[in-house]
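# Analysis of the macromolecular model
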Amino acid sequence: MSATAHDVPAIKVLPEPLPEPAVEELRLETVLGALSDPLRLTIVRKLLLESEAFDHSCGWFGLERPKSSLTHHFKALREAGITRQRQYGLERRSHVRVADLDTRFPGLLALVAAWAPEAP
């Protein structure tokens with residue numbers, strides 16, 4: 001059986017990203033400040049090590065935190081330029097701005113990925 005246009009999944013247009021700093025506006029002190037929080041560092045690390053090539057919702061992380069707290073942390077990551085967020089209906093989904101951060105701060109994301117949280 002040959003492939004037809006009906007067998008090919010439709011390409012979906014992604015929603016525009018929420019406001020974020022341009023690559024040239026990324027500041028090391030701002031990025032490091034956002035990553036200084038252990039929960040935010042854990043979020044970025046999980047995205048780097050476990051995520052697929054699409055945006056992830058807050059629920060994907062399995063974090064036992066109030067929604068308002070998670071909203072604050074995800075906003076801090078986006079405003080620092082670490083993650084990109086898109087609005088899908090009522091849900092915001094995130095991914096790490098790997099290419100932008102690697103361009104601006106080579107090796108930083110490798111350090112984040114190599115970080116291991118202390119055992120409780």
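Residues numbered from 1 in each chain as written. Predicted model: local features only at pLDDT ≥ 70, side-chain atom pairs only at ≥ 80, totals over all residues. Heavy atoms only, no water.

### Overview of the overall build of the protein
- Secondary structure summary: the protein contains five helices and three strands in total.
- If you list the helices and strands of the protein from N to C, you get α-α-β-α-β-β-α-α.
- A total of 120 residues make up the protein; the buried ones form 31% of that total.
- For the protein, long-range pairs separated by at least 24 residues make up 68% of all intrachain contacts whose partners lie at least 6 apart in sequence.
- Entry remark: accessible area of the protein is about 7900 Å², with carbon and sulfur atoms responsible for 58%. (Helix = DSSP H or I, 4+ residues; strand = E, 2+ residues; numbered from the N terminus. Buried < 20%, exposed > 50% of the residue type's maximum accessible area, 1.4 Å probe, protein only. Contact = heavy atoms within 4.5 Å. Areas by Shrake-Rupley, 256 points an atom, 1.4 Å probe, with all protein chains shown as cover.)

### Observations concerning the environment of Gly-81
- Tracing the backbone through its elements, the reader meets Gly-81 in the loop between helix 3 (67–80) and strand 2 (83–88).
- Residue classification places Gly-81 among the buried residues on the basis of a relative accessible area of 0%.
- When the C-alpha atoms of Gly-81 and Glu-20 are compared, they prove to be 6.0 Å apart, with 61 residues separating the residues in sequence.
- Excluding anything up to four places from it in sequence, Gly-81 contacts Pro-21, Leu-26, Arg-97 and Leu-101.

### Points about the pattern of salt bridges
- Taken as a whole and assessed by the stated rule, the structure comprises seven salt bridges.
- Ionic pairing is found between Glu-50 and Lys-46, a salt bridge with its closest N-O pair at 2.7 Å. Of this pair, Glu-50 and Lys-46 are both found in helix 2 (residues 38–50), four residues apart, which corresponds to roughly one turn of the helix.
- We classify Glu-50 as partly exposed; its relative accessible area is 45%.
- The closest approach of N and O atoms between Arg-84 and Asp-100, which form a salt bridge, is 3.5 Å. In this pair, Arg-84 is assigned in strand 2 and Asp-100 in helix 4 (residues 98–104), connecting sequence segments 16 residues apart.
- Through salt bridges with shared partners, a single ionic network connects Glu-20, Arg-84, Arg-97 and Asp-100. (Salt bridge = Lys/Arg side-chain N within 4 Å of Asp/Glu carboxyl O.)

### What about the nonpolar core?
- Counting 20 residues, the largest nonpolar core has Val-31, Leu-35, Val-44, Ile-82 and Leu-101 as the members making the most contacts within it.
- Going through the elements one at a time, helix 1 (28–35), helix 2, helix 3 and helix 5 (108–114) are the ones with two or more residues in this core.
- Among the elements that make up this core, the one with the highest residue count is helix 2 (five residues).
- Other than its neighbours up to four places away in sequence, Leu-101 contacts Leu-26, Val-31, Gly-81, Ile-82, Val-96, Pro-106 and Leu-109. (Core = buried A, V, L, I, M, F, W, Y, C linked by side-chain atoms within 4.5 Å.)

### Some details on the confidence of the model for the protein
- For the protein, per-residue confidence averages 82 on the pLDDT scale, and 75% of positions sit at 70 or higher.
- The spread of mean pLDDT over the elements of the protein runs between strand 1 (residues 56–57), the lowest at 63, and helix 1, the highest at 97.
- Ignoring residues within four places in sequence, the model shows residues 1–6, a span with pLDDT below 50, making one contact including any to other chains. (pLDDT = per-residue confidence, 0-100.)

### Concerning the environment of Ile-43
- Mapped onto the elements of the fold, Ile-43 is located in helix 2.
- In sequence terms Ile-43 and Val-96 are 53 residues apart; their C-alpha atoms lie 9.7 Å from each other.

### Some details on the side chain of Arg-78
- Counting through the fold element by element, Arg-78 comes out in helix 3.
- One buried charge, Arg-78, has no salt-bridge partner; the nearest side chain with opposite charge is Glu-79, at 4.5 Å.
- A polar contact is formed between the side chain of Arg-78 and the backbone oxygen of Pro-19, at a distance of 2.6 Å.
- Other than its neighbours up to four places away in sequence, Arg-78 contacts Leu-18, Pro-19, Glu-20, Pro-21, Thr-83, Gln-85 and Arg-92. (Lys, Arg positive; Asp, Glu negative; His and termini not counted. Polar contact = N/O pair within 3.5 Å; in protein donor to acceptor, adjacent residues only side chain to side chain.)

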